[in-house]
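Each chain, written out:
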Amino acid sequence: MSTRGFGDAYYKLPLGPIGNWQHKKYIKALSSVEDPGKVKMTDQYASMFHYYRTPPYITAKPAVGTFQLSEGCFVLIATDGLWDCVSSEEARKIVQQGVECGVDNLAEHLLNVVSTNKSPGDD
């Protein structure tokens, strides 16, 4: 599983038991850059991390493999910035339409279609 470099910080907690000084120091640093209107993680620490026991849950160690795609197939990789705005099936249809129409930049085509149909908000 991968995630953005920023955000989803609770998945990227340092190794060690929840509640130790290092963990709380990390959360304090993350809270210092939160949006002004948000409730800081330090203020909701007990409830937010009640069920977390053995971080880190996501690491920078990639799982690498290869596989052969069939003719006409493609892989669509995106962040939650796209997936919050469109389903996997809708994205597939938009990209497939771009392929059939000979669009040069399929990523740009996908983003243009999605952004005209839905405001991306903070994505």
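What counts, and at which threshold
Residues numbered from 1 in each chain as written. Predicted model: local features only at pLDDT ≥ 70, side-chain atom pairs only at ≥ 80, totals over all residues. Heavy atoms only, no water. Helix = DSSP H or I, 4+ residues; strand = E, 2+ residues; numbered from the N terminus. Contact = heavy atoms within 4.5 Å. Areas by Shrake-Rupley, 256 points an atom, 1.4 Å probe, with all protein chains shown as cover. Buried < 20%, exposed > 50% of the residue type's maximum accessible area, 1.4 Å probe, protein only. Core = buried A, V, L, I, M, F, W, Y, C linked by side-chain atoms within 4.5 Å. pLDDT = per-residue confidence, 0-100. Expected span 1.5 Å × (residues − 1). Arc of directions from axis to C-beta. Polar contact = N/O pair within 3.5 Å; in protein donor to acceptor, adjacent residues only side chain to side chain. Axes fitted to C-alpha atoms, helices over the stretch in contact; angles between N-to-C directions. Parallel < 35°, antiparallel > 145°, perpendicular 65-115°, else oblique. Left-handed = near helix turned anticlockwise from the far one by under 90°. Nonpolar A, V, L, I, M, F, W, Y, C, P; charged D, E, K, R; others polar.

## What to know about the overall build of the chain
And then number 1: Along the backbone of the chain there are five helices and zero strands.
And then number 2: Across the chain, helices and strands are ordered from the amino to the carboxyl terminus as α-α-α-α-α.
And then number 3: Sequence-distant contacts in the chain: of pairs separated by 6 or more residues, those separated by 24 or more amount to 46%.
And then number 4: About 9400 Å² of surface is accessible on the chain, with carbon and sulfur atoms providing 55% of the total.

## Digging into the side chain of H109
And then number 1: The topology assignment puts H109 in helix α5 (residues 106–117).
And then number 2: Note on H109: relative accessible area 18%, which makes it buried.
And then number 3: Those residues in contact with H109 that sit more than four places away from it in its chain are I94, Q97, G98 and V103.

## Brief notes about the nonpolar core
And then number 1: Counting eight residues, the largest nonpolar core consists of L82, C85, V86, A91, I94, V95, L110 and V114.
And then number 2: The set of elements that each furnish at least two residues to this core consists of α4 (88–100) and α5.
And then number 3: Ranked by residue count, the leading element in this core is α4, at three residues.
And then number 4: With near-sequence residues (within four places) excluded, I94 lies in contact with H109, L110, V113 and V114.

## Some details on the confidence of the model for the chain
And then number 1: Put simply, the chain has an average pLDDT of 76, and 60% of its residues get 70 or more.
And then number 2: Element-level mean pLDDT values for the chain span from 67 in helix α2 (residues 45–48) up to 93 in α4.

## Looking at α5
And then number 1: Here α5 spans 17 Å end to end across twelve residues, near enough to the 16 Å set by a 1.5 Å rise per residue.
And then number 2: Those residues of α5 not exposed but buried are H109, L110 and V114. Within α5, the buried residues cover an arc of 120° as seen down the axis, which keeps them to one side.
And then number 3: Buried positions along α5 lie against α3 (80–83) and α4.
And then number 4: Its side-chain oxygen placed 3.3 Å from the backbone nitrogen of A107, N105 serves as the N-cap of α5.

## Let's talk about the packing of α4 against α5
And then number 1: Look at α4 against α5: their axes get within 9 Å of each other, and the N-to-C directions meet at 125°. The angle between α4 and α5 places the two elements in the oblique class. For the pair α4 and α5, the crossing hand works out as right-handed. Contacts between α4 and α5 pair A91, I94, V95, Q97, G98 and V99 from the former with L106, H109, L110, V113 and V114 from the latter.
And then number 2: Within the contact of α4 with α5, the residues separate by chemical class into eight nonpolar, three polar and no charged.

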